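Results of the structural survey
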Amino acid sequence: MTKVLSKKRPLTCVRAFQRIAHACLGDIERGHRSARRGDAESIHRMRIGFTKLAAARKFFSAMVTDDGWSAIKREIAWLNGILGEARDNDVALAYVREMPKYSLLGASRREIDRRVSSGHARVARALASKRYQALLTKIRSWIDHGLWTTTSDRANGKLRETPLERFAPHRLRRWSHRLARHKDRPIESRRQHRVRIMAKRYRYMVEALPELGIEVSHSRLREAKAARELQRALGDLRDLCRIRRRIDAARKGPFKARESKLSRQTQKAIAQFS
């Protein structure tokens, strides 16, 4: 009797999203203890975990949009506001410590130190709160048993069972084209934050797919590297803008040179999208 080898079932979009989302939740929970102690890198990693979760939700938006996510999104915004403020203060302090040419006046330095301590204290209180624990519970329940997993909506149900390897290339192509629209002219300051979010989402999803066993083309991997550079450059521009508000006008020279360099890096990175 000839033995029939069973084919491996393709990974569906519903399972793919759940695996990515649980991985994000794991990253968030692993950073919790150190973040409560004021570790700047752990605070940053927690924020990345929430950003990756939002990126995955956006990637599969036609499938996972429901009232449950709307409520969770509001709670994430509350926590990210606290984590983000602490992160901004940590970045400002890092500039003062590591880049002497950007040193602030003594009074400004003392103010930054105070803000850092205050920000870390707020993070510790938030992460020790019942509200935070309730948020994690809600996210975990929504990932596995949210309304989106059982809705009878035809489009939603079809996407749930669609193989990821069929869905992902089309979605990535669409996101890549959206980024490419900004390469013909310098990105205006009012659009920089939006483009940075788009770059982060694109990068995180390209990086997540190989971990799920999905092959990613060389062009997409190259664009993901460009997205990382774009994200970094636009993030540094944002940080410099915030820090400049705290220094004397006579000290802004070094910042101008740095901003020009970052603007060039931004255009070089985004030019790699098609």
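As the structure is a prediction and not an experimental result, all values here were calculated from the model.

Observations regarding the overall build of the protein chain
- Across its full length, the protein chain holds eleven helices and zero strands.
- Going residue by residue from the N terminus, the α and β elements of the protein chain occur as α-α-α-α-α-α-α-α-α-α-α.
- Once local pairs closer than 6 in sequence are excluded, the contacts in the protein chain between residues at least 24 apart make up 78%.
- Of the roughly 15,700 Å² of accessible surface on the protein chain, a fraction of 49% belongs to carbon and sulfur atoms.

Some details on helix α9 (residues 189-211)
- Here α9 spans 35 Å end to end across 23 residues, near enough to the 33 Å set by a 1.5 Å rise per residue.
- Of the residues one or two after α9, Gly213 is the one with positive phi, at around 85 degrees.

Observations regarding the pattern of salt bridges
- Evaluation of the coordinates by the stated rule reveals 15 salt bridges.
- Between Arg228 and Glu207 there is a salt bridge; the shortest N-O distance is 3.7 Å. Of this pair, Arg228 sits in helix α10 (residues 218-244) while Glu207 sits in helix α9, and the two are 21 residues apart along the sequence.
- Classification of Arg228 as partly exposed rests on a relative accessible area of 31%.
- A salt bridge links Arg232 to Asp236; the shortest N-O distance between them is 3.2 Å. Note that Arg232 and Asp236 are positioned in helix α10 at a spacing of four residues, about one turn of the helix.

With respect to the nonpolar core
- Counting residues in each nonpolar core, the largest one holds 77 residues, and the members touching the most others are Phe17, Phe60, Met63, Ile139 and Leu230.
- For this core, the element with the highest residue contribution is helix α4 (residues 67-98), accounting for twelve residues.
- Apart from the residues lying within four places of it in its own chain, the contact partners of Met63 are Cys13, Val14, Phe17, Trp148, Asn156, Leu159 and Arg160.

A look at the side chain of Asp90
- Within the element layout of this structure, Asp90 appears in helix α4.
- Salt bridges are absent for the buried Asp90, whose nearest opposite-charge side chain, Arg87, sits at 5.8 Å.
- What Asp90 contacts, discounting residues up to four positions off in sequence, is Ala40, Ile43, Val116 and His120.

Here's the deal with the packing of helix α1 (residues 13-36) against helix α2 (residues 40-59)
- At a closest axis distance of 8 Å, the pairing of α1 and α2 adopts a crossing angle of 165 degrees. For the element pair α1 / α2, the angle class is roughly antiparallel. Classified by chirality, the crossing of α2 by α1 is left-handed. Counting all contacts with α1, which are made through Phe17, Ile20, Ala21, Cys24, Ile28, Gly31, His32, Ser34 and Ala35, the residues of α2 involved are Ser42, Ile43, Met46, Gly49, Phe50, Lys52, Leu53, Ala56 and Arg57.
- Considered class by class, the residues forming the contact of α1 with α2 number eleven nonpolar, five polar and two charged.

Brief notes about α1
- Its 24 residues give α1 an end-to-end C-alpha distance of 35 Å, which sits within 8% of 34 Å, the value for a rise of 1.5 Å per residue.
- Along α1, the sharpest kink reaches roughly 25 degrees, centred on Arg30.
- Looking at the residues trailing α1, positive phi occurs at Gly38, about 90 degrees.

Description of the side chain of Thr162
- You can see Thr162 is positioned in the loop between α7 (154-160) and α8 (164-180).
- Judged by relative accessible area, which is 13%, Thr162 ranks as buried.
- Residue contacts for Thr162: discarding those within four places in its chain leaves Leu11, Thr12, Cys13 and Phe167.

Some details on the packing of aromatic side chains
- The full count for this structure, using the stated rule, is ten aromatic pairs.
- Seen from their ring centres, Phe17 and Phe60 are 6.0 Å apart, and the 70 degrees between their planes marks the pair as edge-to-face. Placement of the pair is Phe17 in helix α1 and Phe60 in the loop between α2 and α3 (61-64), with a sequence separation of 43 residues. The residues Phe17 and Phe60 share a single accessibility class, namely buried.
- Where Phe59 meets Phe60, the ring centres are 5.1 Å apart and the plane angle is 80 degrees; that geometry is what we call edge-to-face.
- By relative accessible area, which is 0% here, Phe59 ends up buried.
- Among the aromatic residues, those joined into a cluster by ring pairs are Phe17, Phe59, Phe60, Trp69, Trp142, Trp148, Phe167 and Trp175.
- Residue placement shows Lys52 over the ring face of Tyr204; its charged tip is 5.3 Å from the ring centre.

Describing the packing of α2 against α9
- Running from N to C, α2 and α9 point in directions that differ by 85 degrees, and their axes come no closer than 9 Å. Taken together, the axis directions place α2 and α9 in an arrangement best described as roughly perpendicular. Of the residues in α9, those touching α2 at Ile48, Thr51, Lys52, Ala55, Ala56, Lys58 and Phe59 are Lys200, Arg201, Tyr204 and Met205.
- Residues of the contact of α2 with α9, tallied by class, amount to six nonpolar, one polar and four charged.

How each quantity is defined
- Residues numbered from 1 in each chain as written.
- Predicted model: local features only at pLDDT ≥ 70, side-chain atom pairs only at ≥ 80, totals over all residues.
- Heavy atoms only, no water.
- Helix = DSSP H or I, 4+ residues; strand = E, 2+ residues; numbered from the N terminus.
- Contact = heavy atoms within 4.5 Å.
- Areas by Shrake-Rupley, 256 points an atom, 1.4 Å probe, with all protein chains shown as cover.
- Expected span 1.5 Å × (residues − 1).
- Salt bridge = Lys/Arg side-chain N within 4 Å of Asp/Glu carboxyl O.
- Buried < 20%, exposed > 50% of the residue type's maximum accessible area, 1.4 Å probe, protein only.
- Core = buried A, V, L, I, M, F, W, Y, C linked by side-chain atoms within 4.5 Å.
- Lys, Arg positive; Asp, Glu negative; His and termini not counted.
- Axes fitted to C-alpha atoms, helices over the stretch in contact; angles between N-to-C directions.
- Parallel < 35°, antiparallel > 145°, perpendicular 65-115°, else oblique.
- Left-handed = near helix turned anticlockwise from the far one by under 90°.
- Nonpolar A, V, L, I, M, F, W, Y, C, P; charged D, E, K, R; others polar.
- Bend = angle between axes of the 7 residues up to and from the residue.
- Phe/Tyr/Trp six-rings, centres within 6.5 Å; stacked < 30°, edge-to-face > 60°.
- Lys NZ or Arg CZ within 6 Å of the ring centre and 35° of its normal.

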